[in-house]
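# Examination of the molecular architecture
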Amino acid sequence: MSDVLLFVVWPYFAILLCVLGSIYRYYSDRFSYSSFSAQVLENRLLFWGNILWHYGVIVVLIPHFVGFVLPDLWAFLVADPVRLYVMEIVGYIAAVAAILGLSILILRRTTNDRVRAVTTVMDWGVVATLWVQLILGFWVALVYRWGSEWYVHTMSPWLWSLVTLNPRTEYIRGLPFVIQLHAIVGFLLFALFPFSRLVHIIALPITYLWRPYQVVVWNVRRFGALRAR
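Given the structure is predicted, the values throughout are model-derived calculations rather than measurements. (Residues numbered from 1 in each chain as written. Predicted model: local features only at pLDDT ≥ 70, side-chain atom pairs only at ≥ 80, totals over all residues. Heavy atoms only, no water.)

## Structural notes on helix α1 (residues 2-29)
Within α1, the axis deviates most sharply at Val-9, by approximately 35°, and proline Pro-11 lies no more than four positions further along. Every buried residue belonging to α1 is among Phe-7, Val-8, Trp-10, Pro-11, Ala-14, Cys-18, Gly-21, Ser-22 and Arg-25, and all of these are buried. Among the structural elements, α8 (155-163), α9 (170-173) and α10 (177-192) are those in contact with the buried residues of α1. (Bend = angle between axes of the 7 residues up to and from the residue. Helix = DSSP H or I, 4+ residues; strand = E, 2+ residues; numbered from the N terminus. Buried < 20%, exposed > 50% of the residue type's maximum accessible area, 1.4 Å probe, protein only. Contact = heavy atoms within 4.5 Å.)

## A word on a nonpolar patch on the surface
Taken together, the side chains of Ile-15, Leu-16, Val-19, Leu-20, Ile-23, Tyr-26, Tyr-27 and Phe-190 make up a nonpolar region of the molecular surface, amounting to roughly 780 Å² of accessible area. At seven residues, the largest contribution of residues to the nonpolar patch is made by α1. Here Tyr-26 shows up in helix α1. Judged by its relative accessible area of 37%, Tyr-26 falls in the partly exposed class. (Patch = residues over 30% accessible without salt bridge, like charges linked within 9 Å, V, L, I, M, F, W, Y side chains within 5 Å. Areas by Shrake-Rupley, 256 points an atom, 1.4 Å probe, with all protein chains shown as cover. Salt bridge = Lys/Arg side-chain N within 4 Å of Asp/Glu carboxyl O.)

## As for the side chain of Thr-169
Within the secondary structure layout, Thr-169 lies in the loop between α8 and α9. Taking relative accessible area as the criterion, Thr-169 reaches 9% and is therefore assigned buried. Sequence-distant contacts of Thr-169, defined by excluding residues within four places in its chain, comprise Asp-3, Phe-7, Val-8 and Trp-158.

## A closer look at the pattern of salt bridges
One pass over the full model with this rule turns up four salt bridges. Between Glu-170 and Arg-168 there is a salt bridge; the shortest N-O distance is 2.7 Å. Given a relative accessible area of 37%, Glu-170 falls into the partly exposed group.

## A look at unusual backbone geometry
At Trp-146, a position not held by glycine, the phi torsion is positive, near 65°. The residue Leu-165 is not glycine, and still its phi comes out positive at about 60°. Tracing the chain through its elements places Leu-165 in the loop between α8 and α9. Leu-165 gets classed as exposed once you look at its relative accessible area, which sits at 66%.

Written as structure tokens, this is what we have:
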């Protein structure tokens, strides 16, 4: 029963909450789709934290995404030992960069009075969840090595069973607890997504592609011209 709650009910509930919550927020308060972060409040820590965090987490998420969407292709890529070693090393470096970057951003929020003043309880909850998720993922990578290989035979089939509405918990049931917890916390982030600043991920300015041109007229008045008048 606990397997069904954790690995079937919880993922479906988290995704449903993510989709419906995002739709509701878009139509009720779409102008809140922002990270609400500015260099005006603090520049140096924001720059380095953002660079390390965003690039690190993107590199970390790519294998998760490709291994899920194209498991056969990913299995072929990691079948070669050299490619497997390279992917594991790159993953370690990216994970460390993401953890360091997020830690810098947390330090910025805790030490800068102006940044801390605009930080909500939900912000702290999301940041803490992200940091725990990164630590869990790094722990999994170090202790249960070659995750690039066993991922396509365990996590990917389980996720696809959820997508096809034919949940099969046996793929994840026998995995170590820390891996199961990593999956559970991952779906927690989906559940928190529509209620946090994470929504800025989907707030891309793609409307610029078809929006009419905006005519801007520069009205420059030189000091000499004003004096002549």
